[in-house]
Amino acid sequence: MTLELRNVTKLAGADTHIHETNLVLATTGFNVLLGATNAGKTTLIKMMAGLERPSSGEIWFNGKNVTGVSAQKRNVSLVHQFFVNYANMNVFENIASPLRVARRSKQEIERRVGETAALLRLTPMLGRHPSELSGGQQQRTALARAIIKDSVLVLLDEPLANLDYKLREELRDELPRLFEDRGTIVVYATSEPSEALLLGGHTATLFEGRITQFGETAVAYRAPQDLVTAQVFSDPPINAAKVSKRGGEVIMNGDVRWPAEGVIAEAPDGEYTVGVRPHYVTPQRQSAAAVTLDGEILVTELSGSESVAHFSLAGKIWVAQSHGVQPYQVGEIHKFFVDVSRCLYFGADGALVAA
Amino acid sequence: MNKTQNQRAWLFVAPVLALVAFNALIPLMTVVNYSVQETFGNNIFFWQGVGWFEDLLRSDRFQAALARQLVFTAIILTIEIPLGVAIALTMPRKGPWVSVCLVLMALPLLIPWNVVGAMWNIFALPEVGLLGKAINSLGIDYNMTRQPMAAWFTVILMDVWHWTSLVVLLAYAGLIAIPDAYYQAAKIDGAKPWAVFRHIQLPKMKQVLTIAILLRFIDSFMIYTEVFVLTGGGPGNSTTFLSIDLVKVALGQFDLGPAAAMSLIYFIMTLLASWVFYTVMTRNDAR
């Protein structure tokens, strides 16, 4: 079971919403589309659903070209960021609606709605109308409608974005379980890197209408192919700074130096961009291979379990993320330590310097 | 117990009290006063009790006007509400044509009511009016000043032309408030256009349609100006609706007592019907 996008593009007037895209999605695990707002996640999802036609290219489903096939005939499910349910029907009728359209027997409808409602813990709510449900229950109803249809392609477009934090966590844990062993291709769009990591599976990082990388989620996180992917797949944003490599040394801002080790050691001398995830920039020395930065603290965010400091260094803003509550003072010069063994190096073309 | 007395509060309420008094209470009570008395002029009044009310409710003339009124309002509602919704459904939801359509729709609502009557009067003239001449040239004998059926036809056509726009605009407002996500969800569910209308558009339009029905009911029930200018209630009494009859009694014959009684009955009927409509239509939301 695969969904394939072959050279798909989407133009709107003079704007390119999706640049030429090739993608093969399978049933193993979630397929996460990760990107900021306007990166093209929803456009891709609409084309996968058949709600919009690609401007060029083809969409193949299970070895068949479905490019011109409308959404009604594609057997797909879609769950939106907004809680979309039929307001005049109760939860039972809402969940049953895809089966009613498919003209299933009364017994089958009752049995399957019962099962699906139990799966989503909606059984006590079956008689209520959507307006009488909490946001989480409304979105569960929408999910139940998507699940009961038994479609081969389930598209989830930021389904948790409008839920409050607790509900989001709860439903996010449930989601992989709901679609386990169903043989469905699940596409999940999100703007949060942490959500992609929690859901696992495969991730496609999207930036300005381009898929910058597609592969196993953990791999895409650990070894982003280029700087843009690393930026998309990092929250707080990844620190990036220009460095030069001279002989066995990496030099930043003229005075910060560290020995070139690992992949960068074999790379030719020249200009590179170093990328350091914020949790490798810490106020305490974490490893022997740490380089010291003196930064002026601009903004601090304390969440209790972790502290985030934005500091300026040679005109650039850096972000440091560490455990616990740190005694940061805005305006002070603070020492930060960078674990250089965790640095990613990108060449002039933005590509990762790899072994 | 220490209670502060502050009479100044009355000062703040006074303007509103005066406004409501002169605007609503005093005129209404004057009408109530007239409705229970008989006068022969010279400001001499005789106590009549509920006599006028009894006479009126029994009178053939009033019952006939009421029947005409009910038939008229029923016809108006059954034409204008579905027609308005249908037009709203065909209007574009985005693009440059939206404003064109909205202006076209708003035009009839901007014309003064007596002008509407005068326009249609000329429009329907059998010799020179576009409508009258056209119908007659089709071989149909049409003259609204002589034939009650023709008069009804013209009055209803005029009201539909004048007021369907209001329903269209209200229904349209309800329609454009529906997010695209609902249509997409319906598409993905494989819903047919009728199902989309029945389960998405109609429920979302319910609130505005309630208002539309209520407004059209009240307005058509009180219709006066357009019909007065168009037919003057004729031919005969065939288009004499309640308010036309009321004015004939009150000003034409200067029967203040019966006219006042009639006003009150009329007022209570409108109020009652509006309340019933509203309660029935919002019943489901109260759950």
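As a reminder, the structure under discussion sits directly above these lines.
To keep things clear, this report deals only with the structure shown in the data block. Note that the coordinates shown come from a computational prediction; the quantities given were computed from them, not determined experimentally. (Residues numbered from 1 in each chain as written. Chains lettered and ligands numbered in written order. Predicted model: local features only at pLDDT ≥ 70, side-chain atom pairs only at ≥ 80, totals over all residues. Heavy atoms only, no water.)

Helix and strand content of chain A: nine helices and 20 strands. Projected onto the principal axes, the alpha-carbon positions of chain A cover approximately 75 × 45 × 35 Å. Within chain A, the proportion of its 355 residues that are buried is 52%. For chain A, the proportion of contacts with a sequence separation of at least 24, taken over those separated by at least 6, is 66%. (Helix = DSSP H or I, 4+ residues; strand = E, 2+ residues; numbered from the N terminus. Buried < 20%, exposed > 50% of the residue type's maximum accessible area, 1.4 Å probe, protein only. Contact = heavy atoms within 4.5 Å.)

Residue and element names in this part refer to chain B. Applying the stated criterion across every chain, the model contains 18 aromatic pairs over all chains. Ring centres 5.2 Å apart and planes at 25° place the aromatic pair F217 and F221 in the stacked group. Of this pair, F217 and F221 are both found in helix α9 (residues 193-221), four residues apart, which corresponds to roughly one turn of the helix. Ring geometry for F221 against Y266: centres 5.9 Å apart, planes inclined by 45°, an arrangement best described as tilted. (Phe/Tyr/Trp six-rings, centres within 6.5 Å; stacked < 30°, edge-to-face > 60°.)

Residue and element names in this part refer to chain A. By the element assignment, W60 lies in strand β4 (residues 56-61). A C-alpha to C-alpha distance of 50 Å links W60 and W258, two positions 198 residues apart in sequence. Ignoring anything within four residues of it in the chain, the contact list for W60 reads T2, L3, E4, R6, N65 and V66. Separated by 2.9 Å, the side chains of W60 and E58 make a polar contact. (Polar contact = N/O pair within 3.5 Å; in protein donor to acceptor, adjacent residues only side chain to side chain.)

Our focus in this paragraph is the interface of chain A and chain B. In many reports, interface size means the accessible area that the parts give up when they come together. Between chain A and chain B, the residue contacts involve 23 residues of the former and 15 residues of the latter. When chain A packs against chain B, the two sides together hide about 1700 Å² of surface, and 60% of this comes from carbon and sulfur. The interface formed by chain A and chain B holds one salt bridge in total. Measuring nitrogen to oxygen at the nearest pair gives 3.5 Å for the salt bridge that ties A:R145 to B:D189. Applying the counting criterion to the chain A and chain B interface returns four residue pairs in polar contact (both at pLDDT 80 or more). Those elements giving two or more residues to the side of chain A that touches chain B turn out to be α1 (41-49), β6 (76-79) and α2 (91-101) of chain A. Its residues assigned to classes, the side of chain A that touches chain B shows twelve nonpolar, seven polar and four charged. (Buried area = accessible area lost by both parts, 1.4 Å probe. Salt bridge = Lys/Arg side-chain N within 4 Å of Asp/Glu carboxyl O. Nonpolar A, V, L, I, M, F, W, Y, C, P; charged D, E, K, R; others polar.)

This brings us to the sheet that holds strand β1 (residues 2-12) of chain A. Residues and elements named next belong to chain A. In space, the four strands of this open sheet follow the order β2-β1-β4-β5, with antiparallel pairing throughout. Of all strands in the sheet, those bounded by a partner on one side alone are β2 (15-26) and β5 (64-65). Pairing between β1 and β2: eight bridges, direction antiparallel. When the bridges of β2 are listed, A12 appears paired with D15. Together, β1, β2 and β4 form the strand contacts of α1, whose direction differs from that of β1 by roughly 120°. (Pairing = 2+ DSSP bridges. Axes fitted to C-alpha atoms, helices over the stretch in contact; angles between N-to-C directions.)

Residue and element names in this part refer to chain B. In the contact formed by helix α2 (residues 51-58) and helix α12 (residues 256-282), the axes pass within 9 Å of each other and the chain directions differ by 70°. Overall, the two elements α2 and α12 adopt an arrangement that is roughly perpendicular. Residues W52, F53, L56 and L57 of α2 lie in contact with α12, whose contacting residues are G257, P258, A261, M262, L264 and I265. Considering only residue class, the contact of α2 with α12 consists of nine nonpolar, one polar and no charged. (Parallel < 35°, antiparallel > 145°, perpendicular 65-115°, else oblique.)

Taking 1.5 Å per residue, 29 residues should reach 42 Å; helix α7 (residues 148-176) of chain B reaches 41 Å between its end C-alpha atoms and fits that length. The axis of α7(B) is deflected most strongly, by about 35°, at B:W163. (Expected span 1.5 Å × (residues − 1). Bend = angle between axes of the 7 residues up to and from the residue.)

Residue and element names in this part refer to chain A. Spatial strand order, β6-β7-β8-β3-β9-β10: six strands in an open sheet with mixed pairing. The open sheet has two free edges, formed respectively by β6 and β10 (210-216), since each of these has just one partner strand. Direction aside, neighbouring strands of the sheet carry axes that sit 15° apart on average. As paired elements, strand β3 (residues 30-34) and strand β8 (residues 185-190) share five bridges and run parallel to each other. Among the inter-strand pairings, L33 is bridged to a residue of β8, identified as A189.

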